[in-house]
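The lines below spell out each chain.
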Amino acid sequence: DPTPPWAKLTLPISKVKVALVTTGGFYLDTQEPYETDGPERQGDWSFRAIPKSAPRDRIKVAHLHYDLSGPREDINCVYPLDRFMDLEQDGVIGELAATNYSFMGFIQEPEILAKETAPEVARLLKADGVDAVVITAT
């Protein structure tokens with residue numbers, strides 16, 4: 001089915017709690033980097049929780065399948081945490097979720113992602129009261 005999944009917002013955007021999810025391969029320097037070059041090169045279907053309050057210089061990126069020079073200079077070109085914090089401050093959105101999520105998008109076994117890690121992130125987002133998710137891809 002070529003129609004993308006869509007859920008209609010029932011709140012005004014100015015009241016919505018938004019979370020960011022990316023496939024850009026971001027992680028905190030205190031977290032384990034993604035497995036980008038394993039022996040079988042199957043990819044890494046795990047995720048990292050990224051607090052919106054994390055100092056930006058502590059957010060790193062690991063990915064072999066896109067040019068990392070832009071996000072290493074400014075993560076907002078792929079993972080726009082600061083831009084969404086601006087939207088929150090300006091009252092455009094209700095708030096950016098306290099915790100946002102990153103995957104490393106090169107995944108050779110997407111069925112594991114679909115059965116395990118994606119539903120886990122969905123549960124975490126729901127438990128946090130997130131109303132909408134913006135997904136950024138590389």
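Structure: see above.
What you see is a predicted model, and the numbers here were worked out from it, not measured in a lab.

Student: Sorry, what's going on with the overall build of the chain here?
Tutor: Along the chain, the regular secondary structure elements total three helices and seven strands. Going residue by residue from the N terminus, the α and β elements of the chain occur as β-β-β-β-α-α-β-β-α-β. Computed over C-alpha atoms, the radius of gyration of the chain comes to 15 Å, within 12% of the 14 Å expected from 2.2 N^0.38 for 138 residues, which places it in the range of a compact globule. For the chain, the spread of C-alpha atoms along the three principal axes comes to 50 × 35 × 25 Å.

Student: Please clarify how the pairing of strand β1 (residues 17-22) should be interpreted in this entry.
Tutor: Note on strand geometry: in a regular strand, side chains alternate between the two faces of the sheet. Among the six residues in β1, six count as buried, and that is most of the element. Burial along β1 is two-sided: K17, A19 and V21 facing one way and V18, L20 and T22 facing the other are all buried. With five bridges connecting them, β1 and strand β7 (residues 132-136) associate as parallel partners. Residue pairing across strands places A19 opposite V133, the latter belonging to β7.

About the cut-offs
- Within any chain, residue numbers begin from 1 and follow the written order of that chain's sequence.
- At least 70 in pLDDT is required for a residue's local features to be given in this predicted model, at least 80 for side-chain atom pairs to be given and counted, and no such filter applies to totals for whole chains, interfaces and linings, which use all residues.
- Each side-chain value is derived from all of the structure's non-hydrogen atoms; neither hydrogens nor water enter the calculation.
- Only DSSP runs of H or I covering at least 4 residues are called helices, and only runs of E covering at least 2 are called strands; the numbering of each starts at the N terminus.
- The globule rule is 2.2 Å times the number of residues to the power 0.38, and the radius of gyration it is compared with is taken over C-alpha atoms.
- Each residue is placed in one exposure class: buried if its accessible area under a 1.4 Å probe, protein chains only, is under 20% of its type's maximum, exposed if it is over 50%, and partly exposed if it falls in between.
- Pairing between strands requires that DSSP locate at least two bridges from one strand to the other.

The values reported here are purely geometric and, on their own, carry no functional implication.
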